[in-house]
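These are the residues of each chain, in order.
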Amino acid sequence: KNNDYNIYILSDNNKECFEYYKRNKLFKNIDGWILSCDYNTLKKDGILFDILINEFGLNASECYFIDDKINNIIEAEKHGIKGYVFNEKNNISQLYNDMRNNGILIMELK
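Attention in this report is confined to the structure presented alongside it. Because the structure is predicted, anything quoted here is derived from the model rather than measured.

This paragraph deals with the pattern of salt bridges. Any two side chains of opposite charge can pair, so long as their charged atoms come close to each other. Taken as a whole and judged by the stated rule, the model has 5 salt bridges. Of the charged contacts in the structure, one is a salt bridge between Asp38 and Lys15, with a shortest N-O distance of 2.7 Å. One end of the pair, Asp38, is in the loop between strand S2 (32-35) and helix H2 (47-56); the other, Lys15, is in helix H1 (residues 15-23), with 23 residues separating them in the sequence. With relative accessibility at 38%, the residue Lys15 sits in the partly exposed group. Note that Asp67 is salt-bridged to Lys43, the shortest N-O span being 2.7 Å. Within this pair, whereas Asp67 is found in strand S3 (residues 64-67), its partner Lys43 is found in the loop between S2 and H2, the two being separated by 24 residues in sequence. For Asp67, a relative accessible area of 5% translates into the label buried. With relative accessibility at 9%, the residue Lys43 sits in the buried group.

Basis of the calculations
- Residues numbered from 1 in each chain as written.
- Predicted model: local features only at pLDDT ≥ 70, side-chain atom pairs only at ≥ 80, totals over all residues.
- Heavy atoms only, no water.
- Salt bridge = Lys/Arg side-chain N within 4 Å of Asp/Glu carboxyl O.
- Helix = DSSP H or I, 4+ residues; strand = E, 2+ residues; numbered from the N terminus.
- Buried < 20%, exposed > 50% of the residue type's maximum accessible area, 1.4 Å probe, protein only.

Quick look at the structure:
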């Protein structure tokens with residue numbers, strides 16, 4: 001966010017989780033949310049990526065998607081969105097390196 005990027009959340013969570021997250025100060029800088037429960041579909045079905053792009057007027061080639069499941073990354077890439085699997089097997093520096101390799105300027109948190 002410090003580098004003027006918009007941040008969106010594409011989530012397979014339910015409304016209760018959304019209500020909790022949006023009250024949490026960590027999520028105050030989120031520019032938009034797409035919840036699977038609002039569309040009766042999941043990320044793995046691919047439709048949510050089109051909804052995200054259309055809802056917020058995004059250019060898929062300018063998007064970068066982070067998820068903990070490889071299948072969701074594969075689905076994002078089918079829609080022209082670059083992605084990275086980030087889970088307990090990774091560390092944050094690997095994510096930062098991939099972001100830099102994809103032309104994303106980031107400020108590392110200390």
